[in-house]
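Summary of structural features
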Amino acid sequence: MSIASKAAGVEFRNVSRRYGSTAAVDDVSFSIEAGTLVTLLGPSGCGKTTTLRMIAGLEMASGGTILIGGKDVTRLPATDRNVTMVFQSYALFPHMSVADNVAYGLVVSGVRKRDAAARAAEGLELVGLGGYGQRLPSELSGGQQQRVAVARALVLEPEVLLFDEPLSNLDAKLRRKMRDDIRELQQKLGLTSVYVTHDQEEALAVSDRIIVMNKSVIAQTGTPDELYRRPNSRFVADFIGGANLIDGELVARGGGTATVALGRLTLSVPDPGLPAGGILLAVRPNAIRLRPAGADGGINGGGDGSGDGIPVTVRKATYLGSHMEYGLTSEFGDLFVVDPNVANPVPAGATALATFTGDGIAAVAR
Amino acid sequence: MRPRSAVWLALGWVGFALLPWFAGSGTQPALAPPAPGPAGSALIDGLTSGRWWLLPVALPLLLALAVTALPGLRARQPAALLAGGAFGLAWVAAQGFAIGLDGWAWGWLGALFGPLPLGQGGFGAGAALTALSFLFLMTNGFAGLGFMKGDRFTAGAIGLVLAAIAAFVFLPVGYVLSGAGDTGTGGFSAGALWARLAAPDVWRLSCLTEAKSCGVVWNSVFLAVMTGIATTLLGLAFALVAVRTGFRAKKLLRVLTVLPIITPPFVISLAVILLFGRNGTVTLAMADWFGIPVSRWIYGLPGVLLTQTLAFTPISFLVMIGVVQGIGPSLEEAAQTLRASRWVTFRTVTWPLMRPGVANAFLISFIESLADFGNPLILGGNYEVLSTKIYFAVVGAQNDPGRAAALGIILLCLCLGAFWVQRQWLGKKSYATVGGKGDNGIPSQLPRGIKIAAYATALPWAAFTFVLYGLILFGGFTENWGRNNSLTLRHYLAAFDLSWGPNGLIWSGRAWGSLFTTIEVAALSAPLTAAVGLLTAYLLVRQSFKGRGAFEFLTMLSFTIPGTVIGISYILAFNQPPIELTGTVTILIVCFVFRNMPVSIRAGVAAMSQIDRSLDECSLTLGAGSVQTIRRVILPLLRPAIVASLVYSFVRAITSISAVIFLVSPKYELATAYIVGRVEQGDFGLAIAYSSALIVLMSVVIALIQFAVGERRIGRRAATPVTLQEKPV
């Protein structure tokens with residue numbers, strides 16, 4: 001395959017983007033290593049797309065410095081940056097054939113028509129669309145259009161390849177396949193990619209690292225595992241994976257773990273680096289197990305976790321095939337629980353005993 | 001890095017040092033030995049003829065040369081270009097305005113600096129090129145500093161459009177404002193301005209109390225309100241018939257909408273005279289059958305109102321058809337499932353949804369009627385309106401440009417007021433509810449009473465309109481309409497005769513000259529109009545920059561300025577240095593470009609909004625510059641809008657009259673002005689023959705283009721591209 005990678009790193013130094021008095025991106029710094037896929041994740045309006053567009057050169061930073069491959073590109077317009085982008089809407093030129101679309105970037109940068117066509121054909125081959133070159137974009141399905149957009153961005157051998165919510169126009173099943181394909185291609189070619197999404201599951205699935213953004217600033221940066229297991233804020237805990245947020249008391253720290261008092265329970269969680277006092281416990285829905293109340297009579301359970309169970313009432317029970325979802329009422333407020341035990345579900349209205357498993361609980365600042 | 005800056009810099013030097021700085025006679029090749037008089041380039045003239053004020057133009061050029069050529073100063077280049085370009089532009093403009101043909105243009109400058117030995121003429125090629133070079137150096141500097149996303153093309157385009165609008169819309173309007181306060185000796189006084197603005201024949205209300213005519217403002221406003229009401233009701237009736245009934249001949253109604261575009265506005269007046277004038281068919285028949293005495297009743301308010309209603313109903317129809325179509329049938333279906341009867345649905349859902357559109361149609365007709373010039377000129381009689389009064393203040397025995405300017409201000413304020421109301425009040429109140437979904441229900445039929453009313457108004461009126469057009473086409477073949485109805489080709493021969501002379505074909509008909517000029521001017525202005533309009537549309541839709549809203553308002557404003565005001569302002573502004581254009585073909589072209597540009601902008605905006613912005617962004621990230629993006633992506637997708645605006649500006653240039661009647665000269669006579677001249681001489685036969693020739697010519701042009709581009713509507717409704725969404729799924 002002659003389509004090679006010229007992957008380069010990206011660095012933001014105190015970059016801001018202001019529109020009048022409001023800041024879409026506020027003093028953001030991060031760096032992306034060459035050859036990795038980094039996801040910008042956050043709710044809509046958090047500034048992630050603006051950040052992406054600043055990498056592309058479609059938005060100009062109001063302050064700070066942007067480096068690509070160690071060179072300062074802050075003032076460089078999109079045309080002069082070696083960065084390509086796969087758009088949410090794919091942005092295929094409707095008046096050009098698929099092959100012309102893919103060859104477009106080569107042709108406008110002065111590559112001979114013949115060479116451009118050959119490279120375009122290669123690019124289409126790479127995304128599994130060899131032989132579709134003469135069709136019009138409107139004659140392709142959504143997934144195929146997506147691939148054309150990827151091929152078009154790839155053939156220029158960009159230093160950075162950007163994806164702006166590339167899968168949001170596909171149905172759920174196709175989305176899963178496309179995200180695997182994109183990840184595979186990225187790893188195979190060693191591309192530097194920046195990927196914007198608001199879907200946390202997609203982010204966890206494709207990324208080497210994730211930058212979580214909220215309200216124009218970076219909330220947390222880390223590998224998918226770090227973010228899921230050790231969120232540093234209530235927002236990140238809730239946004240990635242979802243969590244039950246319960247008030248607790250941090251009583252002791254040491255050896256990388258912290259001890260938290262929750263009512264009469266005592267739990268051991270990864271050390272959040274917070275001082276002793278009131279904290280918030282983020283409990284993943286699958287970190288709570290349910291046992292029917294009557295079975296053991298509410299005595300201390302089978303020793304499957306840290307501490308005792310708490311009595312709860314099942315408000316709602318939903319059967320989802322692979323697992324059960326419960327809405328519980330407890331002394332700590334409403335709880336949302338995902339339980340893989342579908343063989344013996346607890347019916348709605350019943351009382352039950354909820355226990356916390358050791359994993360999947362993190363302490364964050366209140 | 002910045003080759004284009006270097007190119008513009010080189011052109012700036014060419015304009016300064018090589019090309020003749022001044023226009024007109026007396027210029028000579030720049031490198032010939034200098035001679036006295038307005039001659040040579042600014043460099044030579046400034047050094048040898050004593051026009052020392054031209055030499056500072058070199059300063060910014062030297063500065064730009066230094067920062068471009070010396071690598072050490074590279075980092076400062078953008079700021080230096082910005083400052084140098086701005087200074088250069090300001091200096092060129094300031095010296096141009098300050099120093100006229102006979103030295104200082106303003107007395108106080110002479111008092112301050114002492115008299116000048118000699119004056120100067122209008123800007124020529126050298127000055128124009130140098131100014132343009134300064135403009136682009138400035139915008140390049142601007143882009144280099146990181147504004148406009150660092151895009152030199154965008155910055156340059158915005159600069160160009162703004163400069164053009166400033167020079168050819170705002171400068172002339174400024175001259176009108178100052179001209180209205182002219183004291184007759186070249187000074188300006190608020191007293192003179194007030195005296196003209198408040199003159200009794202402008203504002204008096206004597207028609208209410210005694211049998212005298214009212215002030216010209218009240219006449220205009222009354223006529224405009226009446227026309228507005230009549231055309232809106234008719235337009236609504238037409239739209240209801242076309243959209244909401246099973247009427248068979250809908251295509252015929254559509255023809256109506258093309259008519260005002262292909263017809264010079266005053267042609268309706270001619271037709272009305274053929275029917276109701278003193279020798280008119282109807283008048284004579286009435287006299288024969290019923291003994292009603294022949295009178296001149298048609299000359300005055302009734303005639304103008306009738307013709308304006310005829311002329312502007314199609315425009316109102318176009319607006320209303322959009323409104324009626326815009327009401328989602330699903331809303332009415334919803335009302336009906338909620339147990340509302342047809343009539344209740346119409347009253348409670350349909351009509352409230354249409355109301356803003358109706359008001360809009362009224363305001364548009366109101367503005368059109370105020371600005372209309374041809375019909376009141378021909379049929380007005382003693383009923384004076386602002387537009388004709390402005391004309392007679394300039395061309396008549398009065399020859400009082402100050403008075404014309406004052407009336408122009410009043411007319412301008414009326415139109416701008418209506419425009420402002422339209423934007424402020426209606427802009428936020430539009431309920432257009434067309435969704436992108438195909439299946440939106442079926443438009444419900446009208447309640448019976450309304451249906452009958454709509455048919456009863458629309459159909460006779462349509463028939464009447466077609467009869468009038470038939471008369472125009474036929475009238476040119478009669479000897480003397482009403483008196484001697486024998487058929488003849490005399491008028492056509494007088495206008496379009498050809499003969500063979502010793503040197504071959506001779507265009508001996510009297511109309512050929514003006515027809516050729518008209519076509520030439522139209523053909524030259526159409527591509528320019530389309531280019532400027534689409535460029536502006538591109539900036540409006542595709543680029544976000546500070547002051548975009550104001551920019552849009554400015555470009556649309558020039559559409560609202562009535563033609564007569566444009567005409568009088570161009571005379572006032574471009575009859576003297578520094579920009580001397582009167583009597584040239586350039587002024588006609590410039591006038592058409594800026595009169596018709598807003599339509600081109602609208603067509604462009606409509607078409608461009610349908611092209612997803614990510615397409616150009618994608619092209620940019622793929623390494624294409626703005627220019628390449630426009631050429632390879634936007635223009636191919638915009639082809640229908642380009643054709644629409646080309647056709648529209650071509651046709652409008654041929655049919656418009658109000659502005660150009662001030663600007664034509666014996667050398668460059670236009671068809672419409674010529675026809676009006678014939679009418680004023682009482683030469684109806686030739687006027688009608690020429691008009692019908694124009695109508696036929698326009699129809700052929702439009703039909704040809706429609707044939708070439710395929711089924712598409714032309715005119716105020718922008719031709720919409722079939723499907724330009726890049727998401728077919």
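Residues numbered from 1 in each chain as written. Chains lettered and ligands numbered in written order. Predicted model: local features only at pLDDT ≥ 70, side-chain atom pairs only at ≥ 80, totals over all residues. Heavy atoms only, no water.

**Focus: the sheet that holds strand β13 (residues 265-270) of chain A**
All names here are of chain A.
- Strand order in the open sheet made by the five strands is β13-β12-β11-β14-β20, with antiparallel pairing throughout. Across the chains shown, the open sheet's two edge strands, defined by having one partner strand only, are β13 and β20 (361-364). Each adjacent strand pair in this sheet contributes to an overall mean axis angle of 45 degrees, direction not counted.
- In this sheet, β13 lies alongside strand β12 (residues 257-262) in antiparallel orientation, the contact comprising six bridges. The residue of β13 that forms the bridge with Val-260 is Leu-267. (Pairing = 2+ DSSP bridges. Helix = DSSP H or I, 4+ residues; strand = E, 2+ residues; numbered from the N terminus. Axes fitted to C-alpha atoms, helices over the stretch in contact; angles between N-to-C directions.)

**With respect to the domain arrangement of chain B**
Residues and elements named next belong to chain B.
- Splitting chain B by domain gives domain 1 (3-145), domain 2 (219-392 + 460-472) and domain 3 (506-709).
- Here the C-alpha centroids of domain 1 and domain 3 sit 31 Å apart.
- Taken together, the contacts link seven residues of domain 1 with four residues of domain 3.
- In total, domain 1 and domain 3 occlude about 480 Å² of area from one another, counting both sides; carbon and sulfur atoms represent 72% of this.
- Three residues stand out in domain 1 for area buried against domain 3, namely Phe-97, Gly-122 and Phe-123, and they jointly supply 56% of the buried area on that side.
- For the pair domain 1 and domain 3, the interface holds zero salt bridges.
- Counting across the domain 1 and domain 3 interface gives zero residue pairs in polar contact (both at pLDDT 80 or more). (Domains from an automatic or database assignment. Contact = heavy atoms within 4.5 Å. Buried area = accessible area lost by both parts, 1.4 Å probe. Salt bridge = Lys/Arg side-chain N within 4 Å of Asp/Glu carboxyl O. Polar contact = N/O pair within 3.5 Å; in protein donor to acceptor, adjacent residues only side chain to side chain.)

**Let's talk about the packing of aromatic side chains**
All names here are of chain B.
- For the structure on display, the rule yields 29 aromatic pairs over all chains.
- With 5.6 Å between their ring centres and 55 degrees between their planes, Phe-168 and Phe-574 make a pair best called tilted. A residue pair is termed long-range when its members are at least 10 positions apart, and Phe-168 in helix α7 (residues 152-179) and Phe-574 in the loop between α25 (563-573) and β7 (575-576) qualify at 406 residues. Each member of the pair, Phe-168 together with Phe-574, is buried.
- Counting every residue linked through ring pairs, the aromatic cluster contains Phe-496, Trp-507, Trp-512, Phe-516, Tyr-674 and Tyr-690. (Phe/Tyr/Trp six-rings, centres within 6.5 Å; stacked < 30°, edge-to-face > 60°. Buried < 20%, exposed > 50% of the residue type's maximum accessible area, 1.4 Å probe, protein only.)

**Brief notes about the side chain of Ser216(A)**
Residue and element names in this part refer to chain A.
- Within the secondary structure, Ser-216 sits in the loop between β9 (209-214) and β10 (217-222).
- When its relative accessible area of 10% is taken as the criterion, Ser-216 is described as buried.
- At a separation of 2.9 Å, a polar atom in the side chain of Ser-216 contacts the main-chain carbonyl oxygen of Ala-23.
- With residues near it in sequence (within four places) discarded, Ser-216 still touches Ala-23, Ala-24, Val-25, Asp-26, Val-28 and Cys-46.

**Focus on the interface of chain A and chain B**
- Each side of the interface is counted separately: chain A has 31 residues, and chain B has 26 residues.
- Counting the surface chain A buries against chain B, the share from its top three residues, Thr79(A), Tyr104(A) and Val108(A), is 20%.
- Where chain A touches chain B, the interface holds one salt bridge.
- Linking chain A with chain B are seven residue pairs in polar contact (both at pLDDT 80 or more), by the criterion used here.
- Every element with two or more residues in the side of chain A that touches chain B is listed here: α1 (48-56), β6 (83-86), α2 (98-108) and α4 (142-154) of chain A.

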